[in-house]
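Letter by letter, the chains look like this.
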Amino acid sequence: MYRFHEFFPITEENKKNKEFMLNMVNHNGYFLMYASDDLKDDYDIVKTAIDNDAFSLRYASKRFLEDKNIVLEAIRKCGSLYPNLDFKLRSDFDILFHALDSYNLALYYTSEELKDNFIICKKAASKYGMSIANISHRLRDNKEIIYTATKNIPYSFFYASYELKNNKDFVISCINLNSNIYNYIGNKLKLDDDIIELIIRKDASKMTKAPKEILENKKYLFKIIEKYPYIYHSLSQEQKDDKEIVLHTIYTQPSIFRFISPKYRNDLDFIKKIIKEKYRIFPYIPSHLKKNIKIVFELYKINPDIKWLLTKFEYNIILSVLNLEYLAENHNFFQYYDIYWYIKSFLI
């Protein structure tokens with residue numbers, strides 16, 4: 001917050017004092033607003049003010065606000081001054097062209113004629129892709145402008161014409177820039193085999209909002225799951241209960257086991273089938289099963305790699321049982337197996 005006026009009181013006399021106001025605007029162009037009407041029309045005062053802060057031109061007299069050379073100099077330094085200009089200057093090609101360098105929304109305030117100018121609109125698209133929301137309908141059908149805007153901000157593809165959104169070759173070229181545009185392409189192209197395959201290869205997570213026809217097709221769904229298993233959360237309840245889909249998802253990402261249907265999560269036979277290949281589901285099986293050391297022992301026998309996921313206590317018990325089992329079977333350590341089973345039962 002500037003407090004310059006606290007040290008130099010801006011009295012009515014000071015507002016008319018050129019030397020005083022020249023020092024003020026040299027310190028901060030903003031103080032041009034305090035100058036008298038005569039000094040707001042003084043070239044030295046206004047030039048010094050905009051050299052310090054180009055945005056201060058909005059406080060100058062009408063003569064300077066209508067002077068293209070002065071305005072152009074200020075706009076080159078501060079594009080956000082653009083909306084404060086007279087409509088005639090906002091409709092000037094040169095002024096808008098330079099305003100776009102630093103002010104993304106300039107196109108919104110200009111004339112319809114400039115909104116239909118290819119050079120202006122292409123520059124706007126390259127600086128801020130979403131600015132094509134303000135271009136003419138004719139230019140929304142221009143491949144070069146839409147491609148430039150999409151390259152800058154992918155979501156700007158939303159403003160492309162209907163024809164471009166349904167032009168397969170053009171859509172593919174834009175998807176190669178960024179797969180986010182999939183949500184904005186034509187409905188027919190969303191179901192196109194080539195485009196679906198391209199999206200799955202580039203970023204399968206974009207298929208979470210794909211048409212249900214795609215997600216209900218297991219040929220596509222399994223490919224998506226292999227690239228992005230978390231698509232499981234976007235499936236219908238019927239699909240989430242499909243055993244084939246559940247298995248494919250868990251084999252790709254074991255941690256999703258905790259989100260599957262309870263009828264599978266609590267099915268010991270189902271767990272044994274998976275743990276044979278994917279021991280990493282062990283942390284995600286229901287706690288009441290993990291607390292049962294007999295079940296843990298059975299799972300260990302199926303896949304010994306779960307030892308990396310056991311607590312020290314659980315692993316020590318299993319080692320004890322395995323040692324007893326080895327002695328009983330290979331060294332006739334126990335005369336009677338009843339003793340072995342008694343000790344085994346006691347441990348687990």
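Here, every reference points to the structure presented above.
Parameters at a glance
Residues numbered from 1 in each chain as written. Predicted model: local features only at pLDDT ≥ 70, side-chain atom pairs only at ≥ 80, totals over all residues. Heavy atoms only, no water. Salt bridge = Lys/Arg side-chain N within 4 Å of Asp/Glu carboxyl O. Helix = DSSP H or I, 4+ residues; strand = E, 2+ residues; numbered from the N terminus. Buried < 20%, exposed > 50% of the residue type's maximum accessible area, 1.4 Å probe, protein only. Lys, Arg positive; Asp, Glu negative; His and termini not counted. Contact = heavy atoms within 4.5 Å.

Novice: Sorry if this is basic, but what is going on with the pattern of salt bridges here?
Specialist: Side chains bearing opposite charge may pair, as long as their charged atoms lie close to each other. The tally for this structure, following the rule as stated, stands at 23 salt bridges. Here D94 ties to K68 by a salt bridge, and the two come within 3.1 Å at their closest N and O atoms. Here the residue D94 occupies a position in helix 8 (residues 93-99), and K68 occupies one in helix 6 (residues 68-77), the gap between them amounting to 26 residues. Using a relative accessible area of 31% as the deciding quantity, one classes K68 as partly exposed. Residues joined by salt bridges that share partners form a network here, namely K47, D51, E73 and K77.

Novice: I tried to follow the side chain of K240 on my own but got confused; where do I start?
Specialist: If you trace the backbone, K240 turns up in helix 18 (residues 237-240). One buried charged residue, K240, forms no salt bridge at all, with the nearest opposite charge on D241 at 8.7 Å. Leave out the neighbours within four places in its chain, and K240 touches Y232, H233, L235 and V246.

Novice: Looking at this model, I keep getting lost on the environment of I132. Mind explaining?
Specialist: Mapping I132 onto the fold places it in the loop between helix 10 (118-127) and helix 11 (143-152). Since its relative accessible area comes to 0%, I132 is described here as buried. The sequence separation of I132 and A160 amounts to 28 residues, and the corresponding C-alpha distance is 8.5 Å. Contacts of I132, omitting those with residues within four sequence positions, involve A125, R140, I145, I146, A149, S156 and Y159.

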